[in-house]
Amino acid sequence: MTLSFIDYLILALYFLFVLGIGWIVKRRVATSEDFLTSGRSVPVWITSLAFVAANLGAQEVIGMAASGAKYGIMTAHFYWGGAIPAMLFVGLFMMPFYYGSRARSVPEYLKLRFDEKTRAFNAITFAVMTVFSSGISMYALGLLFQLVLGWSFTASVLLSALIVLVYTWLGGLTSAIYNEVLQFFLIVLGFAPLAILAVSKAGGWQGMSARLSPVMTHAWKYMEHSGQNPMGVEVFGLVFGLAFVLSFGYWCTDFLVIQRALAANSMSAARRTPVIAAFPKMFIPFVVIVPGVAALALSSAGTGYSLPTKNGGYDYDQVLMTLMAQFYPTGMLGVGLTALMASFMSGMAGNVTAFNTVWTYDIYQTHIRPKASDTHYLAVARWTTILGIALSIGTAYLARLYNNIMDLLQLVFGFVNAPLFATFLLGMFWKRTTGHGAFTGLLAGTGAAALTHGLTVAEGKGGWVADVYTFPSTMAQNFWVAIFAWSTCFVVTILVSLATRPRPAGELKNLVWGFTDHPPEERLVWYRRPGVLAIVVAVIAIILNIIFW
């Protein structure tokens, strides 16, 4: 891949623009709340696009293209089933708890609903998860620099770490949110033309279907048995493991995305944020997954393109970048690389700002220095940026062991988000759930995830306790890790809660369904009602599933 002057100029202008936004926003950051929560002052259209962009990091853009080449259009399940229902659920049912309780973070909500030990456990596991996630983003950008500039992986990772450090140090969450809106449009502008060019070169969707195995172009048709599809998963594993446990576990409890909705300027705006975000989310597969499917078709079409390899197998993580090198001319290549850079900045900034908030409020302020000045906490929040990025560098090297970074990311979610969703589901909708039950359930669920991974093997990974069962793919293993983690946490939480004393009903206002104030939607015009918007989204999602059945 060779860059021209115009390509470098586009990248340079992007960096200046992003840093300029951070510098402008920096003037508005006077307190730790400004830096970490944006003071709940951001308009709904901004928070909605940021809600999407925060999840549209480099690991998703590169990883979903990789999964498209590895698993085919089945990868769209991560959106149409693995995101949309959960996004609607969090907007309609869970955001009133988060926003109404005035919690500054997801762990702080757990403190208000349960107790301190439950918050501490979630804060620590979430901090670990964000470090892994940001490290995966760093790995993705390291691959980009290695391919484009020919640098070593280490030099690439260190450069990417420096970029994120400067960016997040300047403006905190507000800077991240406004830049995420810019990055969303850049990602679409940078990758939509690639999808069109790759599909067109492969003969359109019909031409691709003719060259590929039918299982690669159907989302549901080959799901009756795990041996029928490359993902190695059947309907139950997909629906329960991905569409329920992993999906709801991520979108409903992951502070990375919840933080964007909490920055909205009203309860109604906070509820509409994930629902409005679901509209563009439904169509992202056509931008990031379809190029991967097209790459697989092109590799057998005699067009001069072939899938990249690593260690004797396919290196799916390089698919998107090799497609850009193949099809993008001068200038457009700069736009595409800028879009990749934007996806990296989006994912990293999201993880770092979430890590800052949880570390500062839920760990440092609560357990290390509880009565310091706000100026002190603002300084801690800024310095935590350096800590988070330093830890992320280490996990970037761990990601090199995987040929599809989405496999690693889903495994991390299975350990952290899957049991956490069981805790939230019971805590928000069953007033009898106790703090002892929640804490014990989380421990048991995380332990079940570790044990499941340790007793099973997939593509040479896992089985560090014993090889009891072998999954046909890493993704199938991830789904079942999540299933066992959620189920164990759910059952243990119920049993322990029944054996311990619950909190009085008077202490559960705005924390449990039935004790929460809901905004009167009948006073809003129809397009501002979360319920009406959710119905429209659901209908479109069902139509997409039918089209690609």
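Residues numbered from 1 in each chain as written. Predicted model: local features only at pLDDT ≥ 70, side-chain atom pairs only at ≥ 80, totals over all residues. Heavy atoms only, no water.

### Structural notes on helix H7 (residues 106-113)
Moving on, step 1. Among the eight residues of H7, six are classified as buried, and the element is accordingly described as predominantly covered.
Moving on, step 2. Those residues of H7 that sit buried are Val106, Pro107, Glu108, Tyr109, Leu110 and Arg113.
Moving on, step 3. Residue Ser105 occupies the N-cap position of H7, its side-chain oxygen lying 3.2 Å from the main-chain nitrogen of Glu108. (Buried < 20%, exposed > 50% of the residue type's maximum accessible area, 1.4 Å probe, protein only. Helix = DSSP H or I, 4+ residues; strand = E, 2+ residues; numbered from the N terminus. Polar contact = N/O pair within 3.5 Å; in protein donor to acceptor, adjacent residues only side chain to side chain.)

### Examining the environment of Thr375
Moving on, step 1. As for its position among the elements, Thr375 is in helix H18 (residues 374-398).
Moving on, step 2. By relative accessible area, Thr375 is classed as exposed at 62%.
Moving on, step 3. Spatially, the C-alpha atom of Thr375 lies 40 Å from that of Ser152, the residues being 223 residues apart in sequence.

### As for the sheet that holds strand S4 (residues 461-462)
Moving on, step 1. With respect to topology, three strands assemble into an open sheet ordered S4-S3-S5, the strand pairing being mixed. Each having just a single partner strand, S4 and strand S5 (469-470) make up the two edges of the open sheet.
Moving on, step 2. Sitting on the sheet, helix H20 (residues 435-455) touches strand S3 (456-458), S4 and S5, and the angle it makes with S3 is about 65 degrees. (Pairing = 2+ DSSP bridges. Contact = heavy atoms within 4.5 Å. Axes fitted to C-alpha atoms, helices over the stretch in contact; angles between N-to-C directions.)

### Focus on the nonpolar core
Moving on, step 1. Counting residues in each nonpolar core, the largest one holds 174 residues, and the members touching the most others are Tyr98, Tyr109, Phe191, Ile258, Leu340, Phe424 and Phe479.
Moving on, step 2. The dominant element in this core, judged by the number of residues it contributes, is helix H9 (residues 153-201), at 15 residues. (Core = buried A, V, L, I, M, F, W, Y, C linked by side-chain atoms within 4.5 Å.)

### Observations concerning the side chain of Asp254
Moving on, step 1. Residue placement: Asp254 occurs in the loop between helix H11 (235-253) and helix H12 (255-262).
Moving on, step 2. Notably, Asp254 is buried but unbridged: the nearest opposite-charge side chain belongs to Arg260, and the N-O separation is 8.3 Å.
Moving on, step 3. Residues within four places of Asp254 in sequence aside, it is in contact with Phe126, Met129, Gly249, Phe413 and Asn417. (Lys, Arg positive; Asp, Glu negative; His and termini not counted. Salt bridge = Lys/Arg side-chain N within 4 Å of Asp/Glu carboxyl O.)

### Quick look at a nonpolar patch on the surface
Moving on, step 1. Residues Phe5, Ile6, Leu9, Leu13 and Leu16 make up a contiguous nonpolar surface patch of roughly 520 Å² in combined accessible area.
Moving on, step 2. Along the polypeptide, Phe5 turns up in helix H1 (residues 5-26).
Moving on, step 3. Take Phe5: its relative accessible area is 67%, and that puts it in the exposed class. (Patch = residues over 30% accessible without salt bridge, like charges linked within 9 Å, V, L, I, M, F, W, Y side chains within 5 Å. Areas by Shrake-Rupley, 256 points an atom, 1.4 Å probe, with all protein chains shown as cover.)

### Description of helix H13 (residues 267-283)
Moving on, step 1. A maximum bend of about 35 degrees is found in H13 at Thr273, where proline Pro274 lies one to four positions downstream.
Moving on, step 2. The buried fraction of H13 is high, at 13 of 17 residues. (Bend = angle between axes of the 7 residues up to and from the residue.)

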